[in-house]
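# Close look at the chain arrangement
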Amino acid sequence: MADDIDSAEEHLRKGHSPFHQLGVGVCMFMRATLGFEQDVMREANDMLYTAETGAYESQRRVTKDANSFRSNIYPPGTEYAVCQAEAQLMSAVVGVLNESLTEALKSFYKLRKAYITLESVMEAERTFLRTKSSSSLNSATTSRTTSRPASIRSTGGSTLKKTLSKTPSLRKSTNPSTTSLEQTGAKPTTVQTKNNNGDSDNEFDFVDAEQERGAQTPLEYTGHLNLPVQGGSVALNNAQKEVDVNASSAPGLPAGNSQDTSVPDPIAEFENLVLKDDNGVASVSEFTEHPIDEFIISGASFCFGILLVIVSMVPPAFASVLKVIGFKGDKDRGLRMLWQATKFNNIHGAMAGVVLMGFFNGFVGFCDIIPQTGEGAYPERRCKALMAEMRRRYPKSHLWLLEEARMISREKELERSVQFLEDIGKSPFKQLEALSWFERSLDLMYMHDYVKTSTAFQTCITLNNWSHGLYYYICGASYVELYRRAKVTDPKAAQAYADQANEYFKQVIPNIGKKKFMGRQLPFDTFVNRKISRWEARAKEWNCPFIDAIGVSPIEEMIYFWNGYKRMRPEHLQHSLENLAWSESSANPHWAKEDLNEKAILSTLRAVTLRTLGQTAEAKEILQKEVIVHDATAFAGALKDDWMPPVARYEMAACMWQEADADGNPQAHQDQLNQCKTWLEAAGSWGGYVLDARIGMKITTGKGTLRRFGVLI
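We now turn to the structure provided with this report. (Residues numbered from 1 in each chain as written. Predicted model: local features only at pLDDT ≥ 70, side-chain atom pairs only at ≥ 80, totals over all residues. Heavy atoms only, no water.)

## Thoughts on the overall build of the protein chain
As a reminder of what qualifies: Here a helix means four or more residues in a row that DSSP labels H or I, a strand means two or more in a row labelled E, and each is numbered from the N terminus. For every residue, the accessible area obtained with a 1.4 Å probe (protein chains only) is divided by the maximum for its type, and the residue is called buried under 20%, exposed over 50%, and partly exposed between those limits. For accessible areas, the Shrake-Rupley method is used with a probe of radius 1.4 Å. Any residue's cover is judged against the shown protein chains and nothing else.
When its secondary structure is counted, the protein chain shows 28 helices and 8 strands. Scored against the burial criterion, the 713 residues of the protein chain give a buried share of 56%. Here the protein chain has roughly 29500 Å² of accessible surface; of this, 50% comes from carbon and sulfur atoms.

Structure, rendered in C-alpha cells:
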C-alpha cells in the first residue's frame, strides 16, 4: 500500500503458506487490473490458482487436526476457506478482463464458488449472533464443563465445513503449506465427543444455546446480555446495540450527511462515521480480538461486499451472465460490508477503501439518476473521513492521492485536480502512474485544454499497452478542435493543427483490435474504427480533405461517454456548446450535406449539455423533436452511429429525474418519477448498440434509484 509492490512481492515469496501465496497473488492482481496487460494477467491467474489449491488442501488438513486453531465463531479451517474465496474472486476478475471468452466464462463459475463459500461464512456469523441474543453468555458458560463457548457444540460436522469440502479444486496441491497465522501462538481448545456412530469427532457445529430453566425466549432481545470481561461483566442496552440476524455482519452503517462537507477532525470523523454503528447493529468483530478471526471477518466482509456490488452493477446487455452465476447482487448490502471492512487496519481494510472510493468517485460519478441527499446519495462526509484515515495509514500511497484528485474533480475543480496530480510526483508503481496520467488526461479534456490533453494521452501510450487506438483518436480529436477555432482567424496555424490531427488519426486503425474483452473487440475500438471509416468515405464522396469530412465534435462525444459533463462548471459547458455550434456555423461548408446521423449526434450532445446546465425543458424538447421522433431503422448501417436513439431515451429519463429531485424530495413528484421509469424501460429494452454496456450501467443504477422511492420497475 506504499506503492512498493516489488518489495512486497519479494518478501512474500520468502514464505510458502497459502497466505504468502495469496499475498503474491494480490500484488500481481493489482498490476493486472491497473495495467490490463495480458502477460501480467496470466501470471496473476497462475499465482492465484496456486494460492487457491494450497488453501484448499490446508483447509482439508486442519479440519482433521485437533491441534490446529479453533475459533469461537467459525468452524475449523475457515481462514483457509476465506483464502480460497479471495483467490477465486480475484482470479474471476482477471479472467473477465482476459481476451479469451472461455476464460471469461470460467470466471463466472468462480464467482459462484466464491459466493457459496462466503455465504457460508456469513451464515456462521449469523448463527453465532443468534446464539448471543437467545441466552445470557454468563448463564450459558456456567452450564458448560468445557472452555468452549455455549453457542458452539461439538457435533458430526459444521455446515460451513461440509459446504467447503464439496467445493472442488481444479487441481490439488501436493505440498500443503503451514499457515503463517498459525504461528501466532494461540492455543486451540478442542472437545472430543461421540457421534451417532460412536466415533470420536472434533468437528463443531452451531446450535441454539441452552436457556435458563423456566425462562421464555422473548420475540426481541431486550437488552440484558452480559458479556464476560476481566473483573466482571458488561450489560448492553438494546437501544445502543441490537443484533441483526437478517443481514450481513456489517449492516446499517450510518449514511452520513452528503450536504455537510466540513471535516473538523479527520480521525474523529472516521471514528464517528465508520467505526461507530449508529444503527445499533452488532458485528461478530465485537466478540473477538484474535488475529485469525479478524482476518476472516475483514476478508469475508471485503470479498462478499465487492462480489455483491459487482454483480449488482451488471448492465442489461450482460443479463444472461446472472443466469450463469446463479445469484443476484445487492449493492446496498455489499457497500455496508465494504464499509465494515475498512475498520480493520490490514490489507482487507485498505482494499475495501480503494473499492469504496473507486465506486463513489468513479461509478457513482458516472451515473446521473441518483438522489442529491439521503440514502443512495454520494456520502461526502464519509468519503472524506475515509480518505483522511487512509492517508494517515498509508501516507506514501499514490492510490489515495489519485482518489483525492478524483474527489477534487468531482467537485468540479478540474484545474485544481490537474495541479494536484502534477504536484504529487511520480509513483514507483508503473501501473498506478499510468492510471494517474489517464485521470489527468480526462480532466484536461474536460477543461478543453487540447494541447495538454494530447500530450497527456501520448504519455499514457508510453505507460501501458491497453488502448492505444483510443488514445491516438482523442489526440487527433483534440487537434480537430484547435483546427476549427483557427480556421477562419489563422489559416496557417489551422493547417498545422490539421496536419497534427491527420498524423494521430492515421495511428488509430493500426492500433485497434489488438486487445479483446471476453473474446470480443473492445467497445471503444469498434467505435473509433467506425468513425475513421465513415470520415474516410465522406472525404472521398465530398472530394475534400479528411479533416473537413469529420462530423460533429468528436471530442464532445468522448466527453459524454466518459461522463465529463458532470465534472464541468458552467464555463466549461458553455465551451462545449460552442464546439457543437461550429458544425452549424458558416465556418463549416458541409453542414448542408449532413445526414440524420450527424444531426442526431449534435442534438443529443447539445441536450445533454443543456440538461447539465439545468435547462431540462429545452433538453427534452430537442431530444423529442430531433432524435426520438425518427424511426430506429434510420440509424442502421455499416458506417452509421446507432447510439443516439437509446441514449436520447435515457437522457429523457435523466431529465425527468432531475426535475423530480430538484428540491431534494423526489417522492413529492410521482408524475416525473413515473415518466422517468417509462423512459428508462424504453432505453433498457433497446437492442445492442456500440458502447451499450456504458449506458447500461447508468440504466441499471437509475432503476435501482427509482426502486428506493417506491417505483416498481
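## Comments concerning helix α16 (residues 430–447)
Test applied: Multiplying 1.5 Å by the residue count of a helix minus one yields the expected span of that helix.
With 18 residues, α16 ought to run about 26 Å at 1.5 Å a step, and its terminal C-alpha atoms sit 26 Å apart, in line with that. Count one or two residues on from α16 and you reach His448, which has phi positive near 65°.

## Here's the deal with the side chain of Ser553
Applied cut-off: What qualifies as a polar contact is a pair of N or O atoms within 3.5 Å, subject to a donor-acceptor requirement within protein and to the restriction that residues adjacent in sequence count only when both atoms come from side chains. Here, residues are in contact when the closest pair of their heavy atoms is within 4.5 Å.
Assignment of secondary structure puts Ser553 in the loop between α21 (546–549) and α22 (554–561). Engagement of the side chain of Ser553 in a polar contact is seen with the side chain of Glu481, the distance being 2.6 Å. Residues in contact with Ser553, not counting those within four places in the same chain, are Glu481, Arg484, Asn579 and Ser583.

## What about the packing of helix α1 (residues 5–12) against helix α2 (residues 18–35)?
To be explicit about the condition: For helices, the fitted line uses only the C-alpha atoms of the stretch in contact; every axis is such a line through C-alpha atoms, and the angle between N-to-C directions lies from 0 to 180 degrees. Here the angle decides the label: under 35 degrees means roughly parallel, over 145 means roughly antiparallel, 65 to 115 means roughly perpendicular, and every other value means oblique. Crossing chirality is assigned from the near helix's rotation relative to the far helix, an anticlockwise turn below a right angle marking it left-handed and a clockwise turn marking it right-handed. For this classification, the nonpolar set comprises Ala, Val, Leu, Ile, Met, Phe, Trp, Tyr, Cys and Pro, the charged set comprises Asp, Glu, Lys and Arg, and every other residue, Gly included, is treated as polar.
Put simply, α1 and α2 touch, their axes get as near as 9 Å, and they point 160° apart. Relative to α2, the element α1 is oriented roughly antiparallel. Here α1 runs over α2; the crossing is left-handed. For the pair α1 and α2, the contacting residues are Ile5, Asp6, Ala8, Glu9 and Leu12 in the first and His20, Gly23, Val24, Cys27, Met28, Met30 and Arg31 in the second. Residue composition of the contact of α1 with α2, grouped by class: 7 nonpolar, 2 polar and 3 charged.

## Looking at the packing of helix α3 (residues 38–62) against helix α4 (residues 78–97)
Contact pair α3 / α4: the axes reach a minimum separation of 8 Å and the direction vectors enclose 160°. Taken together, the axes of α3 and α4 lie roughly antiparallel to each other. Once α3 is placed against α4, the crossing between them reads as left-handed. Contacts between α3 and α4 involve Gln38, Met41, Asn45, Leu48, Ala51, Glu52, Ala55, Tyr56, Ser58, Gln59, Arg61 and Val62 on the former and, on the latter, Tyr80, Ala81, Cys83, Gln84, Ala87, Gln88, Met90, Ser91, Val94 and Leu97. Classifying every residue of the contact of α3 with α4 gives 13 nonpolar, 7 polar and 2 charged.

## Focus: the pattern of salt bridges
Filter applied, for reference: When a carboxyl oxygen of Asp or Glu lies within 4 Å of a side-chain nitrogen of Lys or Arg, that pair is called a salt bridge.
The tally for this structure, following the rule as stated, stands at 37 salt bridges. As a salt-bridge pair, Asp6 and Arg31 come within 2.7 Å of each other at their nearest N and O atoms. With a gap of 25 residues between them, Asp6 in helix α1 and Arg31 in helix α2 connect regions that are remote in the sequence. Residue Asp6 is classed as exposed on the basis of its relative accessible area, which comes to 54%.

## Observations regarding the environment of Phe438
You can see Phe438 is positioned in helix α16. The class for Phe438 is buried, based on a relative accessible area of 15%. Placed 33 residues apart in sequence, Phe438 and Tyr471 show a C-alpha to C-alpha distance of 9.6 Å. The contacts of Phe438, once residues within four sequence positions are left out, are Phe457, Cys460, Tyr471 and Trp562.

## Here we look at the packing of aromatic side chains
Any pair of aromatic rings gets described here by the distance separating the centres and the angle formed by the planes. How we decide: Here a pair means two rings of Phe, Tyr or Trp (six-membered ring of Trp) with centres within 6.5 Å. Their orientation is stacked below 30 degrees between planes, edge-to-face above 60, and tilted elsewhere. Here, a charge over a ring means that NZ of Lys or CZ of Arg falls within 6 Å of the ring centre while also lying within 35 degrees of the ring normal.
If you walk through the whole model with that rule in mind, you get 26 aromatic pairs. Their ring planes at 80° and their centres at 6.0 Å tell us that Phe438 and Phe457 sit as a pair that is edge-to-face. Placement of the pair is Phe438 in helix α16 and Phe457 in helix α17 (residues 450–463), with a sequence separation of 19 residues. Between Phe524 and Trp562, the aromatic rings sit 5.5 Å apart at their centres with planes inclined by 5°, giving stacked as the arrangement. One end of the pair, Phe524, is in helix α20 (residues 523–542); the other, Trp562, is in the loop between α22 and α23 (570–581), and 38 residues separate them in sequence. Take Phe524: its relative accessible area is 8%, and that puts it in the buried class. Among the aromatic residues, those joined into a ring-pair cluster are Phe438, Phe457, Tyr471, Phe524, Phe527, Tyr560, Phe561, Trp562 and Trp643. Over the ring of Trp437 we find Arg440; its NZ or CZ atom is 3.8 Å from the centre of that ring.

## What to know about the side chain of Glu86
We apply this condition: Positive charges come from Lys and Arg alone, negative charges from Asp and Glu alone, with His and the N- and C-terminal ends not counted.
With respect to the helices, strands and loops of the structure, Glu86 is situated in helix α4. Buried charged residue Glu86 carries no salt bridge. Nearest counter-charge: Arg393, at 15 Å. With residues up to four places along the chain from it excluded, the contact list for Glu86 reads Leu22, Phe295, Gly299, Cys303 and His348.

## Re helix α25 (residues 616–628)
What counts, and what does not: The reported arc concerns the directions from the helix axis to the C-beta atoms and nothing else.
In this model α25 runs just 16 Å from its N-terminal to its C-terminal C-alpha over 13 residues, more than 12% under the 18 Å that 1.5 Å per residue would give. Among all positions in α25, only Thr616, Ala619, Lys620, Ile622, Leu623, Val627 and Ile628 are buried. The arc that holds every buried residue of α25, seen down its axis, measures 165°, which confines them to one face. Buried residues belonging to α25 abut α24 (596–612), α26 (644–660) and α27 (670–684).

## Here's the deal with the environment of Ala498
Take Ala498: it is sitting in helix α19 (residues 491–506). Sequence separation between Ala498 and Tyr479 is 19 residues; the distance between their C-alpha atoms is 6.8 Å. Non-local contacts of Ala498, meaning those with residues more than four positions away in its chain, are made with Tyr483 and Ile547.

## Some remarks on the state of the cysteines
One covalent bond between the sulfur atoms of two cysteine residues makes up a disulfide. Heads up, the condition is: Here, two cysteine sulfur atoms that lie within 2.5 Å of each other are counted as a disulfide.
Under the criterion given, the structure shown has 0 disulfides. No disulfide involves Cys83; its nearest neighbouring cysteine sulfur is the one of Cys303, lying 9.3 Å away. We classify Cys83 as buried; its relative accessible area is 1%.

## Description of unusual backbone geometry
Backbone geometry at Asp3 places phi at a positive 70°, although glycine is not the residue there. Relative to the helices and strands, Asp3 is located in the segment before α1. Residue class for Asp3 comes out buried when judged on its relative accessible area of 5%. Positive phi values are uncommon outside glycine, yet Asn563 reaches one of about 55°. Inspection of the secondary structure assignment puts Asn563 in the loop between α22 and α23.

Keep in mind these values describe shape, not function.
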